[in-house]
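The residues making up each chain are set out below.
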Amino acid sequence: MSRPREEPAFPQRSLVEDRRCQGMSLRDWFAGMALQGILANPSAVHTDKNWRHGAEKMAYQLAKAMLKQREER
């Protein structure tokens, strides 16, 4: 079953109207969690002293891979 790529990470009902609040996308949530792991142990990912410049790009690449895997299930 295919899911939209910008699916909200934490959907909720609005108290004002009977509709969903979008909030953060699942893609952004996955990227944030991946970035947290990269920053917790940067030596496991890169040995280059300038690795921080590519950390955010790597986080979104990992998020994209997680979304792809999720769609394949």
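Worth saying up front: this structure is predicted, and the values here are computed from it rather than measured.

A word on the side chain of Ser25. Along the polypeptide, Ser25 turns up in the loop between β2 (20–21) and α1 (26–40). Using a relative accessible area of 7% as the deciding quantity, one classes Ser25 as buried. In this structure, Ser25 is in contact with Glu6, Glu7, Pro8 and Ala9, ignoring residues within four places of it in sequence.

Time to look at the environment of Lys57. Mapped onto the fold, Lys57 is located in helix α2 (residues 52–72). You can call Lys57 exposed: its relative accessible area is 57%. When the C-alpha atoms of Lys57 and Leu35 are compared, they prove to be 9.3 Å apart, with 22 residues separating the residues in sequence.

Attention now goes to the nonpolar core. If you look at the biggest cluster of nonpolar residues, it comprises 11 residues: Ala9, Leu26, Phe30, Ala31, Ala34, Ile38, Ala55, Met58, Ala59, Ala63 and Leu67. Mapped onto this core, the elements with two or more residues apiece are α1 and α2.

What counts and what doesn't
- Residues numbered from 1 in each chain as written.
- Predicted model: local features only at pLDDT ≥ 70, side-chain atom pairs only at ≥ 80, totals over all residues.
- Heavy atoms only, no water.
- Helix = DSSP H or I, 4+ residues; strand = E, 2+ residues; numbered from the N terminus.
- Buried < 20%, exposed > 50% of the residue type's maximum accessible area, 1.4 Å probe, protein only.
- Contact = heavy atoms within 4.5 Å.
- Core = buried A, V, L, I, M, F, W, Y, C linked by side-chain atoms within 4.5 Å.

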